[in-house]
Amino acid sequence: MLRRLVIVCALALLWSHAAIAYVVIFKDGSQILTAEAPEVRGDQVILTLPNGTQNSYRASAVDFEKTEEANAGNRLSNARALEGVGLSEIETNTEPEEPTQTLSDLIGSRRGAAAQRPSAQEQEPPPATTPDQQPAADLPRTPAGFIDLQSIERRSARNSDRANAVVAYLKGRNHPDVRSYEGTLPGRLLLEIGATSEASIFKALTDASNALLQIREQHADLDALEILLIADGSRAGQFTLTPELANLLAQERLESPSFFVRYVEF
């Protein structure tokens, strides 16, 4: 837990019979003397100390029930119980802030995550290619051995109806830069999706998952989506999105950042 040190300058405050003080009790048992009741703002609680300083804490760290009981009917007594400590240090334990992962964080950790799943060479052999498709063994590869979706030849999608349906679905969810091509295997569709931010990259993964599951209701022969994400003209990640993986995101069984780390192909 994140330990925050709060300095309470009780000697700087002159208490009178009209004074109203408040004691805020945290779930770990620690207490803070404040000048007034805590103010809740979203998931944060704002405490005003007797010297006028304001500090914010996670609202989930405060025991509101015990705080209300402690201050009911006798706030001044509660204040004077702490008044004699003078310049004192009160430690409070609050829940740690969840770090916001950036793409740099994810890219830095994805190699370790990828090592926990089978390599491209260890996966099941792909189905046979159609006559006009290049054999998978001859396709360019990424350093980890996956087919390099950025380098392969672009071919128009054979089934234009399902390709157009997928593209229309994604464009309808604020992904204006989407292009579709024939996938590397029968039953696959290759998508290039432009992204302008980390949030749009993660959103593209979720929306593509929903697109696959929905379009498959009319086109059962759509086996997978091969996703190439492009940000600022550079590769931002590639994925082979099967119905099983799509369900992880569509049913919120796995958050997009975690999905990125676990299933990105590099």
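Residue positions within a chain follow its written sequence, with the count starting from 1. It should be noted that, the model being predicted, local features are given only for residues of pLDDT at least 70 and side-chain atom pairs only at 80 or more, the latter also being counted only at that level, while totals for whole chains, interfaces and linings use all residues. Note that water and hydrogens are dropped before the side-chain values are worked out from all heavy atoms of the structure.

Trainee: Mind showing me how you'd approach the nonpolar core here?
Mentor: Generally speaking, nonpolar side chains in soluble globular proteins are found buried as a group. Only buried Ala, Val, Leu, Ile, Met, Phe, Trp, Tyr and Cys residues count toward a nonpolar core, and they belong to the same one when joined by side-chain atoms within 4.5 Å. Only protein chains enter the accessibility calculation, which uses a 1.4 Å probe. A residue is then buried if its area is under 20% of the maximum for its type, exposed if over 50%, and partly exposed in between. Within the largest apolar cluster, 36 residues are counted, with the highest numbers of intra-cluster contacts made by Val-166, Leu-170, Leu-191, Leu-225, Ile-227 and Leu-229. Here a strand is any run of E in DSSP of at least two residues, a helix any run of H or I of at least four, and the numbering for each starts at the N terminus. Breaking this core down by element, the ones donating at least two residues are α4 (160-171), β9 (188-195), α5 (198-215), β10 (224-231), β11 (234-241), α6 (243-250) and α7 (256-263). The element best represented in this core is α5, accounting for eight residues. The contact definition used throughout considers only heavy atoms, calling two residues in contact when any of these lie within 4.5 Å. With residues up to four places along the chain from it excluded, the contact list for Ile-227 reads Leu-149, Leu-191, Ile-193, Ala-208, Gly-237, Gln-238, Phe-239 and Leu-241. Counting 11 residues, the second-largest nonpolar core is a separate cluster that includes Phe-26, Ile-32, Tyr-57 and Ala-61.

Trainee: Would you mind showing me how to read α5 here?
Mentor: For an α-helix, 3.6 residues make a turn, and residues three or four places apart therefore share a direction. With 18 residues, α5 should cover 26 Å at 1.5 Å per step; its first-to-last C-alpha distance of 26 Å lies within 8% of that length. Looking only at α5, the buried set comprises Ser-200, Ile-201, Phe-202, Ala-204, Leu-205, Asp-207, Ala-208, Ser-209, Ala-211, Leu-212 and Ile-215. Multiply 1.5 Å by the residue count of a helix minus one, and that product is the helix's expected span.

Trainee: Would you explain the sheet that holds β11 in this entry?
Mentor: Backbone hydrogen bonds are what pair the strands of a sheet, in a parallel or an antiparallel way. At least two DSSP bridges between two strands are needed for those strands to be called paired. Spatially, β8-β9-β10-β11 is the arrangement adopted by the four strands of the open sheet, whose pairing is mixed. Each edge of the open sheet is held by one strand with a lone partner, namely β8 (178-182) and β11. Each strand axis lies, on average, 20° off the axis of its neighbour in the sheet, ignoring direction. As judged from the five bridges shared by β8 and β9, these two strands associate in the antiparallel manner. Residue pairing in the sheet places Glu-182 in a bridge with Leu-189 of β9. In this analysis an axis means a line fitted to C-alpha atoms, helices contributing only their contacting stretch, and an angle means the value between N-to-C directions, from 0 to 180 degrees.

Trainee: How should I be thinking about the side chain of Thr-184 in this particular structure?
Mentor: In this fold, Thr-184 is placed in the loop between β8 and β9. Accessibility expressed as a relative area gives 7% for Thr-184, which makes it buried. Definition of a polar contact: a pair of N or O atoms within 3.5 Å, with one able to donate and the other able to accept a hydrogen when the atoms are protein atoms, and with sequence-neighbouring residues admitted only if both atoms are side-chain atoms. At 2.4 Å, the side chain of Thr-184 forms a polar contact with the side chain of Glu-226.

Trainee: So what exactly am I meant to see when it comes to the pattern of salt bridges here?
Mentor: Side chains bearing opposite charge may pair, as long as their charged atoms lie close to each other. Salt bridge, as used here: a side-chain nitrogen of Lys or Arg that lies within 4 Å of a carboxyl oxygen of Asp or Glu. Scanning all chains against the criterion turns up 10 salt bridges. One salt bridge in this structure joins Glu-182 and Arg-158, with 2.7 Å as the shortest N-O distance. Pair noted here: Glu-182 is in strand β8 and Arg-158 is in the loop between α3 (103-114) and α4, with a separation of 24 residues, a long-range link. Note on Glu-182: relative accessible area 7%, which makes it buried. Here Arg-179 makes a salt bridge to Glu-192, at a shortest N to O gap of 2.9 Å. A residue pair is termed long-range when its members are at least 10 positions apart, and Arg-179 in strand β8 and Glu-192 in strand β9 qualify at 13 residues. Linked through salt bridges whose partners overlap, the residues forming this network are Arg-154, Asp-177, Arg-179 and Glu-192.

Trainee: Looking at this model, I keep getting lost on the environment of Ala-59. Mind explaining?
Mentor: Here Ala-59 lies in the loop between β6 (54-58) and α1 (64-71). In this structure Ala-59 comes out as buried when scored by relative accessible area, which is 15%. In sequence terms Ala-59 and Gly-42 are 17 residues apart; their C-alpha atoms lie 8.1 Å from each other. Ignoring any residue separated from it by four or fewer positions in sequence, one finds Ala-59 in contact with Asp-43, Gln-44, Val-45 and Phe-64.

Trainee: How do you make sense of the sheet that holds strand β5 (residues 44-48) when you look at a structure like this?
Mentor: The strand order across the open sheet built from three strands is β4-β5-β6, with neighbouring strands paired in antiparallel fashion. The strands lining the two open edges of the sheet, one partner per strand, are β4 (39-41) and β6. Adjacent strand axes in the sheet meet at a mean angle of 30° when their direction is disregarded. Across five bridges, the pairing between β5 and β6 is antiparallel. Residue pairing in the sheet places Leu-47 in a bridge with Asn-55 of β6.

Trainee: Just checking my understanding: could you explain the packing of α4 against α5 for this structure?
Mentor: The description of two helices packed together rests on the angle between their axes and the distance between the axes. Here α4 crosses α5 at 140°, and the two axes come no closer than 10 Å. The angle between the axes of α4 and α5 places the two elements in the oblique class. The hand of the α4/α5 crossing is right-handed. Touching Arg-162, Ala-165, Val-166, Tyr-169 and Leu-170 of α4 are Asp-207, Ala-208, Asn-210, Ala-211, Gln-214 and Ile-215, all from α5. In terms of residue class, the contact of α4 with α5 is built from seven nonpolar, two polar and two charged. These descriptions rest on fixed angle ranges, namely under 35 degrees for roughly parallel, over 145 for roughly antiparallel, 65 to 115 for roughly perpendicular, and the rest for oblique. Each crossing gets its handedness from the near helix: less than a right angle anticlockwise from the far helix is left-handed, clockwise is right-handed. For this classification, Asp, Glu, Lys and Arg are treated as charged, while Ala, Val, Leu, Ile, Met, Phe, Trp, Tyr, Cys and Pro are nonpolar and the rest, including Gly, are polar.

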